[in-house]
Amino acid sequence: MKRRDFFGGLAAAAGTGLITACNSDGPRGAMGLVKAVGRGNERLERALFSFGHRDKVARGAKITGDAFPRYWISPEVPVWDESLRGVWHLDVVGAVRKPVRLTLDDLSKLPRFSQTVNHYCVEGWTARAQFSGVRMSDLAKLVEPTNDAGYVDFQSFDKSYHESWDIDSAIHPQTLIAYATDGRYLNTVQGAPARVHSPVKLGYKNTKYLTRIVFMPTRNGGYWSDLGYEWYGGV
Amino acid sequence: MTTAAQDEAKPSHSEARHHWIVRVTHWVNALALLVMIGSGLRIFNAYPRFAVKGETFCCYPWEGTPIPAWLTFGGWLGGARNWHFAMMWVLFLNGLVYLGFVYLHGEWRDLVPRRGDLRDTWEMIKFYLFARPDHPRQGKHNALQKGTYFVLPYLGAAAVISGVAIWKPVQLAWLTALFGGYAWARYWHFMIMMALVVLSVVHVVMVFAVDPYSLRSMTTGGYNPETSPEARNARPFWWRRPSLPSVPEQTP
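Values in this document were obtained by computation on a predicted structure and should not be read as measured data.

(A) Seen up close, the interface of chain B and chain A. In this assembly, 34 residues from chain B lie in contact with 39 residues from chain A. If you list the elements that add at least two residues to the side of chain B that touches chain A, you get helix H2 (20-45), helix H3 (77-105) and helix H7 (182-209) of chain B. Ranked by residues supplied to the side of chain B that touches chain A, first place goes to H3(B) with 8 residues. Grouping the amino acids of the side of chain B that touches chain A by side-chain chemistry returns 23 nonpolar, 8 polar and 3 charged.

Take a look at the structure:
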């Protein structure tokens, strides 16, 4: 075999290998390893996490407003129908000493925090979002989670959409149960009556159309986490 | 005991050119870089722009144009992210092993810039452009290679650091701020990747066009100095130089 043919063959073989790999999911056998490294990454991310680390938006930066993408998984925008389901309420239950049921009026009377923060989407875009609501840490104080409550599941009436969080991220001071933006209650496309919003988690972890907050001793996956995005989804 | 005459009598001797640690880390790096670039481009395609939502971005002319799918790896955004966040450790740790080795073993001396490198680079360019007939004298690498291999680790480090800035823009906000915020960190990460792609593509083309023997030295380690580009006076695609017309060979 001529040397030139040998090198040509080598290049062709490498090229074929690359083209087969292109646009593929990658070798099935490696998936276990890839997932294992992902779990290691989660441990590192939890070690990096601090309540003192806050997201900041430059003073005077423009709020994204109407350009903020609208997203839900139901065929139509989910709307709470009072004639069918009664007055909307938020249940905060699970591994807690004092479970509560809060109406929107109840929520509005709790200490209100307003913040302008970045919204980090898993797709790579960011938006600047202004939300007002109750700090999740205040709700936790209200219900008194038991010692084994290491996780919190945020459930919705948008079909079965939910996402569970580690409790530290859930009680980060910038994690809000938001029910208002720009001085007014949320509208339906923004996740009304109430939604989770926090810069410490990627967008898909921030459940909209909230109905239940469940404190749990174990994690409970989530809509996108079960489909293959990282469960932790920390920013 | 060997004499100088015996040494000369050897038909073509082979010497070890690259330490096995350099060879292993080279090919591990090649694979890791391919997976990182492919999965990174798949992640980019989920939002192929740099602008904050509702705003415009000054400095990227192809906002909104996705990368062709055949250049991507991971299948979908979630798959590509899982690969990206796993393979980053291979790229990072492999890079540390390589840099630690070249530092401790002294190979960095072949790569670190020295006085005269700029002039040598100019001479190499002149040679490749047929503006000088003979290959400039060189050490282990020619001046163009040397500059490239010196810059690559810095680009690699910049890729890793800008990547961390995108990964943890809240928990490591100070790092993201160094890059000018999240959208800019994403932009720099992309641009550093592009620089790595350009240098790597030129590198691979030059291997086949100028010094295919280096494939052997980067795999088994063996190298015959008589086939060096300097000894062959090899310009790119030197093996494509016109062949002689066939006439009966005359013996004087």
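(B) Region of interest: the nonpolar core. With 73 residues, the main nonpolar core has A:Val152, A:Ile177, B:Met36 and B:Met87 as its most contacted residues. Counting residues per element, this core draws most heavily on H2(B), which supplies 8 residues. Ignoring any residue separated from it by four or fewer positions in sequence, one finds A:Ile177 in contact with A:Leu107, A:Gly133, A:Val134, A:Met136, A:Leu139, A:Ala194, A:Val196 and A:Leu210.

(C) Region of interest: the environment of A:Lys62. All names here are of chain A. Position of Lys-62 relative to the elements: it lies in the loop between helix H2 (31-48) and helix H3 (82-85). Exposure remark for Lys-62: the 12 C-beta atoms within 10 Å place this residue in the exposed category. Taking the C-alpha atoms as reference, Lys-62 lies 9.9 Å from Thr-116; in sequence the two are 54 residues apart.

(D) Just unusual backbone geometry, in detail. Going from A:Ala192 to A:Pro193, the amide bond is cis rather than trans, its omega being 5 degrees. Here A:Lys159, not a glycine, exhibits a phi torsion of approximately 50 degrees, which is positive. Assignment of secondary structure puts A:Lys159 in the loop between strand E5 (151-156) and strand E6 (162-166). A:Lys159 sits in the partly exposed class, given 13 other C-beta atoms within 10 Å. For B:Asn233, which is not glycine, the phi dihedral falls at a positive 50 degrees. Within the element layout of this structure, B:Asn233 appears in the segment after helix H9 (229-232). B:Asn233 gets classed as exposed once you count the C-beta atoms within 10 Å, which come to 11.

Cut-off values and rules
- Residues numbered from 1 in each chain as written.
- Chains lettered and ligands numbered in written order.
- Predicted model: local features only at pLDDT ≥ 70, side-chain atom pairs only at ≥ 80, totals over all residues.
- Contact = placed C-beta atoms within 7 Å.
- Helix = DSSP H or I, 4+ residues; strand = E, 2+ residues; numbered from the N terminus.
- Nonpolar A, V, L, I, M, F, W, Y, C, P; charged D, E, K, R; others polar.
- Core = buried A, V, L, I, M, F, W, Y, C linked by C-beta atoms within 7 Å.
- Buried ≥ 20, exposed ≤ 12 C-beta atoms within 10 Å, placed from the backbone.

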